[in-house]
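Coordinate inspection notes
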Amino acid sequence: MADDQHEEVSKKVSAEEEIRRGITVMRRVVQGRSRGIILDVCWNNQGQLIEPNGHTLTSFIGALVRNEIPITCDDWRNKELNESKEKIWSEIKRCFNIEEERRGFCMKLAGKLLRGFRTFLSSKFLKDADGNFVDAELPKKYESLISAEEWEAFKSKRQDPVFQRISATNQERASSPAYPYRKGRVGYGRLEQSMLQKEESSETSLPAHVLWKEARVGKSGVPQEEVLHVYQKCEELSQSLSPDDTKGILSRALDVPEYSGRVRGKGFGVTPTSLSIKKGKAPSNRELHARLEAMQAELDALRREREASASTVYRDASDKNSINCTFQPNIPEGISHCQLYLSSPYYRMVGKGKVHNVSGVLLHTRELPAGCLKVLVDIAVEPNAALPYPSDDSDATTVHEAVGSFVAWPTNLICVGYETPTKSKSKDNAIPRHTESTVSRKELQENEVSNASAQQKKEVSNASARVKSSGAKKTVARKKPTTKYRSCLRTFLEMTDIPTGGVRTVHMEVGIFGFAHDQMIGNEDFMQVFSHEEIGVTVVNTYIRFLYDKLMRPNDLDESFGFLAPATVNLGLILSRPDTVTEYVLRILNDNKDAEKLFFIPFNTGGHWLFLAINPIREIVYYLDSLGNDWTTYPDMKDLIDTVLQAFRAQRDIQTSRRGANSITWIKVACPQQRNQIDCGYFMLRFMRDTLALGRLMIPTDYFEEFKCAFYTKDQVDEIKEEWCQFMIELNVFS
């Protein structure tokens, strides 16, 4: 008997002390409104409530919905609630400065808070410690909100066998979560805001997996090992997927089924629609066939246009009297200074000289090939570039070997306007161009080489002065790029499932990064190039494949240059898994230790691309940052590279003095500087291409004279995009 009385007293005490806090009515908001105080509320880019006053608005909505909506309401979409919903919205607008378009969010939040209130009442008062149903009376605390009839109807609903079966299923699903949320009522939106403020970041949002991890860190500040495992897996995936594909990254790492309309790791209020994630149905076979025919017609038109531009209006070369009688409209009659270009493997300038657009001119007593003009090569910009028409009278096959001699050059690859600065020559030293047949070829070549050397020195000085004075003027003229390949590739993609979530793969053979793998590529990667967005590692890797296929391998440059994978060597992995990065870089260097080689590292710092070029034999690191930062900005990067080079030196058994043990040479190159927050990736790709185009193992401190400029123009950035798109079409990635 005594035990029963004691138990009854204990229950009464626990019921009275069930909640120390009173009912939330938000009087201070209403009283503030009476004094004319209307609170402002803020929203993040995903449309979530943030501070200031985000927490206050949430609590105010909760107080309103408990007062206006009965707990017996199980269907929030019931039209009978429209009047009460209108009243709730009216009260919100009276107290908060809020736009009409936010009504949908507030109503969804109100429904969520009502469900939470019903769940609280059920678990707190209608269940015992073991989860069994008890017939409890209406708590006195909530008598002002809930009538006796509502309470009885609420209890009856909870005792219904169908409801209890559904409740048991949901309870089992929600019990013992593998990765429990540990931030209470903060929510992802306000959590993201606090993280950005703490880091003093200029970013407006964070990747979903970063938020997901932070939301599972408790008061100790140390995440669980399971959470870290998922986060590290996300970091690895983020190197191969687009940074914008956060939903895909987190879903793949967790390996769990997704629910329709959910954006994992972003919290309440974020939907695929708010993130502009479009999901459309796959096109029908008839639509695909129509698109294919349209694409084929466009490709045929492009092919005809290219063939038409290549086959100019020259007459047949067999007609000796007609050779070069019709002067080219873009090349004036006579002798003009010019720049010499090649179009394969990509369009670039390879030399400078003088074009002879003279009627009836011969090349070493022979007729010129159709569509060509006679050119005297003065300067080799790309020394190892092959001549379009090697000379039959000499062993010259490259631009460097042809300096000082005459060669045939396609007219459509000659750009007139380059003025070679020359020193005044005495009559004794002058060699008239029209008397080539009266002097020996050797004498002519020696004289022209001497003149070209002097001219080149003066040109370098003048070019440097022009760059300093103009800041933006290019010293290397380039063909203005079009958007043909981008338009063509975009049309191709529209007839595939890629825009609706499909992915393709680009094979990266072992010779590129030292290991073979298939690079996944999806719609977000193509959109980065089409819409001029910040490029991710997928675009970088596939452009490297372009450089490897089109520039390195055909010219045997793979013996002098190499690449390190940006997915393996980046600041994120250096901070989290330095041993993995060290092991990979050291393996690549040891595999190539027998010859001097320059290794390219497209390095990602987490939100910015920069370029590192390492000569491990000479222990030199070239640092090119289009934002102008110093390598001291990233001390962990420098420490790891230094450590790897020292280990490489030790494995080569190179003896150094104690003073020289740490003498790794870092050189900051004054490279072109970007003028926005997007172009860093494109600049980095051009740094690699410029270096490969010249084929030099040394990068000058003030950058290459042939490509020196204050910044790359939009046309120069577009060249990278066109090359990438053309290469994607050649690889047929959309099949």
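For the structure given in this document, a descriptive report is provided here. As the structure is a prediction and not an experimental result, all values here were calculated from the model.

1. Quick notes on the packing of helix α4 (residues 82-95) against helix α5 (residues 103-125)
Packing of α4 against α5 brings their axes to within 11 Å, and their N-to-C directions diverge by 115 degrees. When you trace α4 past α5, the crossing you get is right-handed. Seen from α4, the contacting residues are Lys85, Glu86, Ile88, Trp89 and Ile92; seen from α5, they are Arg103, Cys106 and Met107. Within the contact of α4 with α5, the residues separate by chemical class into 5 nonpolar, no polar and 3 charged.

2. Here's the deal with helix α22 (residues 714-731)
Taking 1.5 Å as the rise per residue, α22 with 18 residues should run 26 Å; its terminal C-alpha atoms sit 26 Å apart, in good agreement. Taking burial as the measure, the 18 residues of α22 include 13 buried ones, the bulk of the element.

3. Comments concerning the packing of aromatic side chains
All told, the structure shown has 25 aromatic pairs when counted by the stated rule. With 5.2 Å between their ring centres and 45 degrees between their planes, Tyr543 and Phe546 make a pair best called tilted. Of this pair, Tyr543 and Phe546 are both found in helix α17 (residues 537-552), 3 residues apart, which corresponds to roughly one turn of the helix. Residue classification places Phe546 among the buried positions, given a relative accessible area of 5%. Measuring from centroid to centroid gives 5.7 Å for Phe546 and Phe727, while their planes differ by 65 degrees, and the two rings are edge-to-face.

4. Observations concerning the sheet that holds strand β5 (residues 334-342)
Pairing is antiparallel across the open sheet formed by 5 strands, whose spatial order is β8-β7-β6-β5-β9. Of all strands in the sheet, those with a lone pairing partner are β8 (406-410) and β9 (414-416), marking the two edges. Across this sheet, the average inter-strand angle for adjacent strands is 45 degrees, counted without regard to direction.

5. Looking at the pattern of salt bridges
Side-chain pairing between opposite charges can occur once the charged atoms of the two side chains come close. The full count for this structure, using the stated rule, is 32 salt bridges. A salt bridge links Arg118 to Asp74, with the nearest nitrogen and oxygen atoms 4.0 Å apart. Linking Arg118 in helix α5 with Asp74 in the loop between α3 (54-68) and α4, this pair joins segments that are 44 residues apart in sequence. A residue is classified by how much of its surface remains accessible, and Arg118, at 9% relative accessible area, is buried. In this structure Asp74 comes out as partly exposed when scored by relative accessible area, which is 42%. For Glu719, the salt bridge goes to Arg686, with nearest N and O atoms at 3.5 Å.

6. So, the side chain of Ser336
Within the secondary structure layout, Ser336 lies in strand β5. For Ser336, a relative accessible area of 11% gives the class buried. With sequence-adjacent residues up to four places away left out, Ser336 is seen in contact with Gly353, Lys354, Val355 and Val416.

7. Some thoughts on the pairing of strand β15 (residues 620-624)
Buried residues dominate β15, accounting for 5 of its 5 residues. Neither face of β15 is open: one carries Ile620, Tyr622 and Leu624, the other Val621 and Tyr623, and all of them are buried. Note: strand β14 (residues 609-615) against β15, 5 bridges, orientation antiparallel. Looking at β15, one finds that Ala613 is bridged to Tyr622. Between β14 and the antiparallel strand that follows it, β15, lie 4 residues; Glu619 among them carries a positive phi value of about 55 degrees. Alignment of β15 against strand β16 (residues 665-668), held across 4 bridges, turns out to be parallel. Each bridged residue has a counterpart across the sheet, and for Tyr623 the counterpart in β16 is Lys668.

8. Some thoughts on the sheet that holds β16
The pairing of strands in a sheet comes from backbone hydrogen bonds and takes either a parallel or an antiparallel form. Read from one edge of the open sheet, 5 strands run β12-β13-β14-β15-β16, paired in mixed fashion. Every other strand in the sheet has two partners, leaving β12 (561-563) and β16 as the edge strands with one partner each. Looking at each pair of strands side by side, their axes are set apart by 25 degrees on average, direction ignored. Sheet contacts for α17: β12, β13 (598-604) and β14; angle to β12, the most-contacted strand, approximately 155 degrees.

9. Things to note about the nonpolar core
Counting residues in hydrophobic clusters, the biggest one holds 118 residues, and the most contacted among them are Trp409, Leu489, Phe526, Phe563, Met637 and Trp724. Counting residues in each nonpolar core, the second largest holds 28 residues, with Val29, Val41, Ile69 and Leu114 among its members.

10. A look at empty space enclosed by the protein
Using the criterion set out here, one finds 2 cavities of 30 Å³ or more in the structure. Its volume calculated, the second largest cavity comes out at about 30 Å³. Lining the second largest cavity are Val529, Ile535, Val539, Tyr682, Leu685, Ile720, Lys721 and Trp724. Listed by contribution, the elements that provide at least two residues to the lining of the second largest cavity are α21 (680-694) and α22. Of the residues assigned to the lining of the second largest cavity, the class counts are 7 nonpolar, no polar and 1 charged.

11. With respect to the packing of α21 against α22
It is at 10 Å that the axes of α21 and α22 come closest, and there the two elements cross at 80 degrees. In terms of orientation, α21 and α22 fall into the roughly perpendicular class. Counted together, Tyr682, Phe683, Leu685, Arg686 and Arg689 of α21 and Gln716, Val717, Glu719, Ile720, Lys721 and Glu723 of α22 form the full contact between these two elements. Class assignment for the residues of the contact of α21 with α22 results in 5 nonpolar, 1 polar and 5 charged.

Reading guide: rules and limits
- Residues numbered from 1 in each chain as written.
- Predicted model: local features only at pLDDT ≥ 70, side-chain atom pairs only at ≥ 80, totals over all residues.
- Heavy atoms only, no water.
- Axes fitted to C-alpha atoms, helices over the stretch in contact; angles between N-to-C directions.
- Helix = DSSP H or I, 4+ residues; strand = E, 2+ residues; numbered from the N terminus.
- Left-handed = near helix turned anticlockwise from the far one by under 90°.
- Contact = heavy atoms within 4.5 Å.
- Nonpolar A, V, L, I, M, F, W, Y, C, P; charged D, E, K, R; others polar.
- Expected span 1.5 Å × (residues − 1).
- Buried < 20%, exposed > 50% of the residue type's maximum accessible area, 1.4 Å probe, protein only.
- Phe/Tyr/Trp six-rings, centres within 6.5 Å; stacked < 30°, edge-to-face > 60°.
- Pairing = 2+ DSSP bridges.
- Salt bridge = Lys/Arg side-chain N within 4 Å of Asp/Glu carboxyl O.
- Core = buried A, V, L, I, M, F, W, Y, C linked by side-chain atoms within 4.5 Å.
- 1 Å grid on protein atoms, 1.4 Å probe; cavity = no way out; pocket = protein on both sides within 12 Å on 5 of 7 lines; lining within 4 Å.
- Points joined across faces, edges and corners; volume = space filled by probe spheres on them.
- Parallel < 35°, antiparallel > 145°, perpendicular 65-115°, else oblique.

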